Amino acid sequence: SDNHIMTHFPKLDFLCFQEIWDRDVTEILVNELKKVFPWILYDVGITNFTGNFFMLNSGLLFACRYPILAADFKKFTHSWTQCKFASKGLLMVKVRRRKILDKQLNQILQWSDEFISKTKAASDVVKFTILCGDFNFDNMSPADRELSKHKIFDVYEDEARIISGRDKEWAIGTEMRQKYLHDPLISTPQGLAVALSDPLLRQQYVVDGNIEVSTLSNICKSEPQRDADGNLVANTDGSGGRRRIDYILYRKDSQVRVENYRYITRLARLTDHVPVWMEFSVES
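A brief report on the enclosed structure follows. (Residues numbered from 1 in each chain as written. Predicted model: local features only at pLDDT ≥ 70, side-chain atom pairs only at ≥ 80, totals over all residues. Heavy atoms only, no water.)

Focus on the overall build of the protein chain
Per the secondary structure count, the protein chain includes eight helices and twelve strands. Computed over C-alpha atoms, the radius of gyration of the protein chain comes to 25 Å, more than 25% over the 19 Å expected from 2.2 N^0.38 for 284 residues, which places it beyond the range of a compact globule. Principal axes of the C-alpha set define a box for the protein chain whose edges measure 85 × 55 × 50 Å. Here the protein chain, with 284 residues, has 37% of them falling under the buried criterion. Put simply, 70% of the contacts in the protein chain that link residues at least 6 apart link residues at least 24 apart. Total accessible area on the protein chain stands at roughly 17,400 Å², and carbon and sulfur atoms take up 54% of it. Charged side chains of the protein chain number 38 positive and 38 negative; the gap between the two group centres comes to 5 Å. (Helix = DSSP H or I, 4+ residues; strand = E, 2+ residues; numbered from the N terminus. Rg over C-alpha atoms; globule rule 2.2 N^0.38 Å. Buried < 20%, exposed > 50% of the residue type's maximum accessible area, 1.4 Å probe, protein only. Contact = heavy atoms within 4.5 Å. Areas by Shrake-Rupley, 256 points an atom, 1.4 Å probe, with all protein chains shown as cover. Lys, Arg positive; Asp, Glu negative; His and termini not counted. Charge placed at Lys NZ, Arg CZ, Asp CG, Glu CD.)

Concerning the packing of aromatic side chains
For the coordinates displayed, the defined rule picks out eleven aromatic pairs. For the pair phenylalanine 135 and tyrosine 247, a centre-to-centre distance of 4.9 Å together with 35° between the ring planes defines the contact as tilted. Here phenylalanine 135 is found in the loop between strand S6 (130-134) and helix H4 (145-148), whereas its partner tyrosine 247 is found in strand S10 (residues 246-251), with 112 residues between them in sequence. Comparing phenylalanine 135 with tyrosine 247, the two get one shared label, buried. On the basis of an interplanar angle of 40° and a centroid distance of 5.9 Å, the ring pair of phenylalanine 137 and tyrosine 247 is categorised as tilted. Taken together, the residues span a long stretch of sequence, with phenylalanine 137 in the loop between S6 and H4 and tyrosine 247 in strand S10 at a distance of 110 residues. Residue class for phenylalanine 137 comes out buried when judged on its relative accessible area of 1%. Sitting over the face of the ring of phenylalanine 37, arginine 65 holds its NZ or CZ atom 5.7 Å from the ring centroid. When the ring centre of phenylalanine 153 is taken as origin, the NZ or CZ atom of arginine 161, which lies over that ring, is 4.2 Å away. (Phe/Tyr/Trp six-rings, centres within 6.5 Å; stacked < 30°, edge-to-face > 60°. Lys NZ or Arg CZ within 6 Å of the ring centre and 35° of its normal.)

Section: the nonpolar core
Nonpolar side chains in soluble globular proteins tend to be buried together. Met176 and Tyr263 are the most contacted members of the largest nonpolar core, which has 22 residues in total. Among the secondary structure elements, those contributing two or more residues to this core are helix H6 (189-197), S10, strand S11 (256-263) and strand S12 (276-282). No other element matches the four residues that S11 contributes to this core. Those residues within four positions of methionine 176 in sequence are excluded, and the remaining contacts are Leu181, Ile186, Leu192, Tyr205, Val206, Val207, Asp272, His273 and Val274. Grouped together as the second largest cluster of nonpolar side chains are eleven residues, Leu105, Phe135, Phe137 and Leu249 included. (Core = buried A, V, L, I, M, F, W, Y, C linked by side-chain atoms within 4.5 Å.)

Notes on helix H3 (residues 100-119)
Spanning 20 residues, H3 covers 28 Å between terminal C-alpha atoms, matching the ideal 28 Å at 1.5 Å per step. Inspection of H3 places Leu105, Leu109 and Ser112 among the buried residues, and these make up the whole buried set. One side of H3 carries all its buried residues, which in axial view fall inside an arc of 75°. Opposite the buried face of H3, at more than 90 degrees from it, the exposed residues are Phe115, Ser117 and Lys118. The inward-facing, buried residues of H3 abut H4, helix H5 (152-155) and strand S7 (156-158). (Expected span 1.5 Å × (residues − 1). Arc of directions from axis to C-beta.)

Quick notes on a nonpolar patch on the surface
Together, Phe76, Leu90 and Met92 make up a nonpolar patch on the protein surface, roughly 270 Å² of accessible area in all. Topologically, methionine 92 is positioned in strand S5 (residues 89-95). Judged by its relative accessible area of 34%, methionine 92 is partly exposed. (Patch = residues over 30% accessible without salt bridge, like charges linked within 9 Å, V, L, I, M, F, W, Y side chains within 5 Å. Salt bridge = Lys/Arg side-chain N within 4 Å of Asp/Glu carboxyl O.)

Comments concerning the sheet that holds strand S2 (residues 39-41)
Pairing in this open sheet of three strands is antiparallel, and the strands run S1-S3-S2 from one edge to the other. A strand with exactly one partner marks an edge of an open sheet, and here the two such strands are strand S1 (14-17) and S2. Geometrically, the sheet is characterised by an average inter-axis angle of 10° between neighbouring strands, direction not taken into account. Where S2 meets strand S3 (residues 61-64), three bridges bridge the pair, whose relative direction is antiparallel. Across the sheet, isoleucine 40 pairs through a bridge with alanine 63, a residue of S3. (Pairing = 2+ DSSP bridges. Axes fitted to C-alpha atoms, helices over the stretch in contact; angles between N-to-C directions.)

Quick look at the structure:
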């Protein structure tokens, strides 16, 4: 069977290169890798006359999706022929792959349950429990897929969501693109409302819900999709301007009926988020 042979790379967390010696070519490679791997180590080596005759580095490059906490390099003490001109050795890297947001969501569930239990009197009847805030992940982006499946959504209802990975058609993004935040076109509540109402124009100002690598740098520098002439092009996957990271959730065992769910533009230019408003009634 040839099932173990692949023509393309699968999704990678780490990527290791050897014999990357040409610095000009390396810079081109690194610029491309940064689109997927935010943390990269390259041009590693020990340069001196006795080590490599001030010529080539180790040729090692390490690219990673996760923060690099520590790194060290040890040069081989024995080499021969052409190897004497390179700083060949061992590159050691420590990375962090902790599910920080996942742990924070777990704490939200734990602490809110503890608060309700601690403050509830025997005569109290809890009609509703609301949870809201900037969660720093959306329901559609591949980078946030695991978080969108968190058990918090088994306990709390997200009115703008259908299932994990799919929002309702009317749901829009709430994370503004930093680069265009002070564009005159959206400097007023009326102007921002017009931009958010236009699915194509919204892509100019709101981050898309298709983030592959969820890092602050990657998101802040994200650009809308454009054609060769610089014109906006609608995302074919329906993710344009739909990175929705601000939530108003209600507990599923609450006696809540949502009447309205809206996005407010009153704070145009004052924040890089689009405020969310939810009106609900409580069943008697």
